[in-house]
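Descriptive analysis of the structure
As a plain string of letters, each chain reads:
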Amino acid sequence: MRIPFVWILILLIPCAAFAQPRAKKEKKPIATELNTPSRRAKNVILLIGDGMGLTQISAGLYNNNNALSLEKFRSTGLQKNYASDDLITDSAAAGTAIACGVKTKVGAIGVGKDNKPAKSLMEEAEARGMATGIVVTSSLVDATPSAFVAHVPSRDQKEDIAKSYLELDIDFLVGGGRKYFSQRQSDARDLARELEEKGYVVSDYTESEIPKVTLDLKKNFAFFTAEEDPGKFQDSRSYLLPASRLGAVFLKSHNSKGFFLMVEGSQIDWGGRANDASYVVTELLEFDRVIGSLLEFAIEDGETLIIVTADHETGGLAINPGSQMNNLLTEFNTNAHTGVMVPVFAYGPGAELFSGMYDNTEINRRIRKALGWE
Ligand code: ZN
Ligand code: MG
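First, a word on what this report is: a plain description of the structure on this page.

1. A word on the coordination of the zinc ion (ligand 1)
At this site the zinc ion (ligand 1) is bound by D50 (OD), D50 (OD), S91 (OG), D311 (OD) and H312 (NE2), with donor distances of 2.0 to 2.7 Å. A separation of 4.5 Å is found between the zinc ion (ligand 1) and the magnesium ion (ligand 2), both of which receive a donor from D50. Here the residue S91 occupies a position in helix α3 (residues 91–100), and D311 occupies one in the loop between β8 (304–310) and β9 (313–314), the gap between them amounting to 220 residues. With respect to burial, S91 and D311 carry one shared label: buried.

2. With respect to the coordination of the magnesium ion (ligand 2)
In this structure, D50 (OD), T144 (OG1) and E264 (OE) serve as the protein donors to the magnesium ion (ligand 2), at separations of 2.0 to 2.2 Å. Counting residues between consecutive donors of the magnesium ion (ligand 2) along the chain gives the motif D-x93-T-x119-E.

3. Looking at the side chain of E283
With respect to the element layout, E283 can be found in helix α11 (residues 277–301). For E283, a relative accessible area of 2% puts it in the buried group. Not counting residues within four places of it along the chain, the set of residues in contact with E283 comprises K232, F233, R237, Q267 and I268.

4. Here we look at unusual backbone geometry
Of note, N115 is a non-glycine position whose phi angle comes to about 70°, a positive value. Counting through the fold element by element, N115 comes out in the loop between α3 and α4 (121–127). Exposure remark for N115: the relative accessible area of 37% places this residue in the partly exposed category. The phi torsion at S236 lies on the positive side, around 85°, for a residue other than glycine. Relative to the helices and strands, S236 resides in the loop between β6 (221–224) and α9 (240–254).

5. Observations concerning the pairing of strand β7 (residues 259–265)
Here β7 lies mainly inside the structure; 7 of its 7 residues are buried. Residues F259, L261, V263 and G265 point to one face of β7 and F260, M262 and E264 to the other, with burial holding for every one of them. In this sheet, β7 lies alongside strand β1 (residues 43–49) in parallel orientation, the contact comprising 6 bridges. Bridge pairing links I45 to L261 in β7.

6. Section: the sheet that holds β7
Sheet architecture is open: 10 strands sit in the order β5-β6-β4-β3-β7-β1-β8-β13-β2-β14, paired in mixed fashion. The open sheet is flanked by β5 (201–204) and β14 (356–359), the only strands paired with a single partner. The average angle at which neighbouring strand axes cross in this sheet is 15°, direction not considered. In this structure, strand β4 (residues 172–176) lies alongside β6, joined through 4 bridges in parallel fashion. Counterpart to G175 in the pairing with β6 is F224.

7. Here's the deal with the packing of aromatic side chains
Counting across every chain of the model gives 8 aromatic pairs. An aromatic cluster is present here, built from F172, F221, F223 and F250 joined pairwise through their rings. In this arrangement the basic side chain of K103 is found over the ring face of Y82, its NZ or CZ atom lying 3.5 Å from the centre. Cation over ring: K158 sits above Y180, and NZ or CZ is 5.9 Å from the ring centre.

Calculation rules
- Residues numbered from 1 in each chain as written.
- Chains lettered and ligands numbered in written order.
- Predicted model: local features only at pLDDT ≥ 70, side-chain atom pairs only at ≥ 80, totals over all residues.
- Heavy atoms only, no water.
- Donors = N, O, S within 2.8 Å, 3.2 Å for Na, K, Ca; no water.
- Helix = DSSP H or I, 4+ residues; strand = E, 2+ residues; numbered from the N terminus.
- Buried < 20%, exposed > 50% of the residue type's maximum accessible area, 1.4 Å probe, protein only.
- Contact = heavy atoms within 4.5 Å.
- Pairing = 2+ DSSP bridges.
- Axes fitted to C-alpha atoms, helices over the stretch in contact; angles between N-to-C directions.
- Phe/Tyr/Trp six-rings, centres within 6.5 Å; stacked < 30°, edge-to-face > 60°.
- Lys NZ or Arg CZ within 6 Å of the ring centre and 35° of its normal.

See the structure below:
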């Protein structure tokens, strides 16, 4: 049967008219708002393994009879660490993202991509009357700790960064780089003496060792572990564990308003840059012991949120076929950083905020959330 053309038109028009007004079913967006944790964290210990990607952790694990303290954490996540101007980040931009919550350019310290200063967690904790601390195995003016303290366009401005320590009031400081404080090229200031004049107990590696120092709980404490960069763990550097533990205990009793402590295993990165697997593994295993000790502190304390993460991976490390437990065939792909995501581990009040996959700037926001700051 042939239907006249005009009938086809008449039949089609109402169909189109009906189809039009039907409301589109709205897709529900995935909830991005974070739940407020049931318990507020009073203290935060943030541990950053510089250059500590998943293969660095795996290499440590499988060189240590398949055991790490990191396994005790129940909340884990992954963070995307790209910089604002480069997919491959550096310690300055990644440190700034964590410390200040902004994506910035490679090399920038505590400033946004517009070079405007961004407030760090350390500064905000100070402003809120909390005690604060930094313990690192690099110099105190290296990129990672600097991101928590200074606001300069370049990580190379080490003497400027040192001056920032005088402007803040960090209660517990342990790391290298004494020469940037006391043997300065840009001026004749002695910043170590100025810290003393400010009321700090200042000591250094020429006078004492960390486990032997006597602390005055009423005074701030600064200890320089080297003139420039501290040595390697495998060359007998051993202060990270006692200094970190001392830092947590000191800060807890120094001030009743809670504390923020940042501990960096700085040299996992340096092992990667040197493409030296045993350097990476020894630094990683030392850092893991520190993690275990601070985790014990947090479990006992009950009010401490502890977060372990990295700024980026270094070296493009691989564990190759043919590897066996405690006998790994490792291979590096580069002397530089890579763009792979890095893990986040959390324990304590607010730890659940750190599961999932998110930008590194979220670590900042989620710490603030856990502390009840937003
Ligand atoms: Zn780094
Ligand atoms: Mg670093």
